[in-house]
Amino acid sequence: MPEPKSFKTEAKDHTPPVPSPDNHGLISAWTIALCVTIALIILLPWMQPDPYLNILRFIPDGIWVTFEITVLSISLAIVIGLLTGLGRISSNRFINLIASLYVEVVRGIPLLVQLFYIYYALGRFIRVPDLVAAVIAMAFCYGAYMGEVFRAGIKSINYGQVEASLSLGFNHRQTMVYVILPQAWRTIMPPVGNEFIALLKDTSLVSILAVADILRRGREYAAESFNYFETYTMIALIYLLITLILSKLIAIMELRLSYYERR
Amino acid sequence: MLLNLLAFFLFFTMFNPSYAETTIVFATDATWPPMEFVDAQKQIVGYAIDFMTAAGKEAGFKPVFKNTAWDGIFAGLADGKYDAIVSSVSITEERKKAMDFSESYFTVHQALIVAKGSTAKNLSDLKGQKVGAQIGTTGYFALKDTGVEAKSYDEIGLAMEDLRVGRIAAVVCDDPVATNYALHKYKESLKIGAILETGVVEKYGVAVAKGNTVTLALINKGIIAVKAKGLNKGLKKKWIGQE
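It should be emphasised that the depicted structure is a prediction, and the values quoted were computed from it without experimental measurement.

## With respect to the overall build of chain A
- Along its length, chain A carries 12 helices and zero strands.
- Here chain A holds 263 residues, and the buried ones make up 41% of them.
- Of the contacts formed within chain A by residues at least 6 apart in sequence, a portion of 76% connects residues at least 24 apart.
- Accessible surface, chain A: about 15500 Å² in total, of which carbon and sulfur atoms supply 68%.

Pasting the structure below:
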């Protein structure tokens, strides 16, 4: 068949040379961003210790709190997401309805409003410490998004596999646990990684609950010293450094996971 | 479009009767009852608002109040987004380095608000416990080096809410505000535990950008006139309930 060949060359002629995102030369956007960020984080405090070095000294416990909330929330959100994802493809009408309702409601309310709601509105009935409230709110919100990731991941496995598995004598639960989930895992992991970064950034919202995260610590410093420009520059750089490193780790993970597909 | 807007603006300013008067834009964080807050009609009202309106009448300027979040209110002043801040700003040495202050228009103390059942009389009674205050206020600075775990809130009302549900042990803020919450709004659950001895007399002043002497002179003229006429006594009675 000759036609695919001619089609290919024609397409090649008209495609402008856009650099592929996979083309990891030395001068990639990521490398430049990382180098500039690190350089600024080191150079600014070195050249101007007051206020930059003071800001760097003030913020670290905030970084710890941010990580704590992120890791706890994402762990909880993955559990909620798995249950929701399974619930959304369940043939049980009732479970399916509950899971769908949860996703619809949570995705329709802004995270900031959810945080206020769980902390201040429900605070009258359930007295939980601020950190716990923050984690519950973040996990509750991201659980819904994660549920959709899991559902898509499970759906990406050809239904033929379910049929094959059932015909081999597996029941539905075994099919899911031994056949579908181990394969869906590879589709699910990269978006979960992206959600992790998104969640880390969104934890800056919990500063409104007076949780002493990176942003709250920075605002406290700025409110006292009036060094708004310097403080927020430093905060932006710290967040950027963290997300740049994490995004690289996730890109590496993605590469490893897609190993089998590349054969 | 731009031309239209400009024409409209010109028209508006030319036929505005108060054009001859100087307009001074005041930023205020209207979450601080009874000094400045938003009432049910969505108007910014309070002691400080009435005071500045009276001062404007005396000195011949037209005050415009702009509701601004506390966190960043000083940054906005430095950037020239408004002419002055009247938002219960206590005059402190640190703040004087960053901005200029008018004559004081109110004297305050830092009050410690606790739950009804609490016996705390001082910050040292609350060592290791969580105590809240609004971010960047003198109340929050008073928590430093006292052994309590300081928590900074965006608004004082949120700190009060946390105190009411028992997440924190106390809140520190200016006494007029403390009175408003502990003796009126939440009188069934909160009380004023003590007036803190911070060692300095705290006075509210109007803040203007450093070097803005024209605006400062005008505001000072108004404040002094209001005080000389004794108008502030009536305002105290109206908003705080005592002279």
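## Examining the pairing of strand β7 (residues 99-108) of chain B
Residues and elements named next belong to chain B.
- In terms of burial, β7 is a largely internal element, eight of the 10 residues being buried.
- Inspection of the sheet shows β7 paired to strand β13 (residues 202-209) by seven bridges, in the antiparallel sense. Within β13, the residue paired with Thr107 across the bridge is Lys203.

## Looking at the sheet that holds β13 of chain B
All names here are of chain B.
- One open sheet holds the five strands; their spatial order is β5-β1-β6-β13-β7, and the pairing between them is mixed. Either end of the sheet is taken by a strand with one partner, and the two such strands are β5 (61-67) and β7.
- Looking at chain direction, strand β1 (residues 22-28) and β5 are connected through seven bridges and run parallel. Of the residues in β5, the one forming a bridge with Ile24 is Pro63.
- Lying over the sheet, helix α2 (residues 47-59) contacts β1, β5, β7 and β13, oriented at roughly 155° with respect to β5.

## Re the sheet that holds strand β4 (residues 44-45) of chain B
Residue and element names in this part refer to chain B.
- The strand order β2-β3-β4 describes an open sheet built from three strands, whose pairing is antiparallel. Both edges of this open sheet fall to β2 (31-32) and β4, since each of them pairs with a single strand only.
- Across two bridges, the pairing between strand β3 (residues 36-38) and β4 is antiparallel. Within β4, the residue paired with Phe37 across the bridge is Val45.

## So, the domain arrangement of chain B
Residues and elements named next belong to chain B.
- The assigned domain composition of chain B is domain 1 (21-107 + 203-239) and domain 2 (110-195).
- The distance between the C-alpha centroids of domain 1 and domain 2 comes to 25 Å.
- Opposite the 14 residues of domain 1 that make contact, domain 2 presents 15 residues.
- Interface area, domain 1 with domain 2, both sides summed: about 1200 Å², of which 60% is carbon and sulfur.
- Looking only at domain 1, the three residues that lose the most surface to domain 2 are Trp32, Pro33 and Trp70, adding up to 46% of its buried area.
- The tally of links between domain 1 and domain 2 comes to zero salt bridges.
- Considered class by class, the residues forming the side of domain 1 that touches domain 2 number seven nonpolar, four polar and three charged.

## Considerations on the interface of chain B and chain A
- With 24 residues of chain B at the contact, the number on the chain A side is 21 residues.
- Each partner contributes to the roughly 2000 Å² buried at the junction of chain B and chain A, and carbon and sulfur atoms together form 48% of this total.
- Here chain B and chain A share six salt bridges between them.
- For Asp130 of chain A, the salt bridge goes to Lys151 of chain B, with nearest N and O atoms at 2.1 Å.

## Some points on the pattern of salt bridges
- Here the structure, examined in full by the defined rule, presents 18 salt bridges over all chains.
- Among the salt bridges present, the one from Glu220 of chain A reaches Arg217 of chain A, with a minimum N-O distance of 2.7 Å. Of this pair, Glu220 of chain A and Arg217 of chain A both sit in helix α10 (residues 214-225), three residues apart, which is roughly one turn of the helix. Arg217 of chain A carries the same exposure label as Glu220 of chain A, and that label is buried.
- With a closest N to O distance of 2.7 Å, Arg167 of chain B and Asp162 of chain B form a salt bridge. The burial state of Arg167 of chain B is the same as that of Asp162 of chain B; both residues are buried.
- One network of salt bridges, with partners in common, ties together Arg216 and Arg219 of chain A together with Asp71 and Asp154 of chain B.

## Thoughts on the nonpolar core
- Ranked by internal contacts, the top residues of the largest apolar core, which has 106 residues, are Phe26, Tyr47, Met52, Tyr105, Met160, Val206 and Ile219 of chain B.
- At 12 residues, the largest contribution of residues to this core is made by helix α7 (residues 130-155) of chain A.
- In contact with Met52 of chain B, not counting residues within four places along its chain, are Phe26, Phe61, Pro63, Phe65, Val86, Tyr105, Val206 and Ile223 of chain B.
- In terms of nonpolar packing, the next biggest core, distinct from the first, is built from 17 residues, Tyr228 of chain A together with Ala27, Trp70 and Tyr82 of chain B among them.

Cut-offs applied
Residues numbered from 1 in each chain as written. Chains lettered and ligands numbered in written order. Predicted model: local features only at pLDDT ≥ 70, side-chain atom pairs only at ≥ 80, totals over all residues. Heavy atoms only, no water. Helix = DSSP H or I, 4+ residues; strand = E, 2+ residues; numbered from the N terminus. Buried < 20%, exposed > 50% of the residue type's maximum accessible area, 1.4 Å probe, protein only. Contact = heavy atoms within 4.5 Å. Areas by Shrake-Rupley, 256 points an atom, 1.4 Å probe, with all protein chains shown as cover. Pairing = 2+ DSSP bridges. Axes fitted to C-alpha atoms, helices over the stretch in contact; angles between N-to-C directions. Domains from an automatic or database assignment. Buried area = accessible area lost by both parts, 1.4 Å probe. Salt bridge = Lys/Arg side-chain N within 4 Å of Asp/Glu carboxyl O. Nonpolar A, V, L, I, M, F, W, Y, C, P; charged D, E, K, R; others polar. Core = buried A, V, L, I, M, F, W, Y, C linked by side-chain atoms within 4.5 Å.

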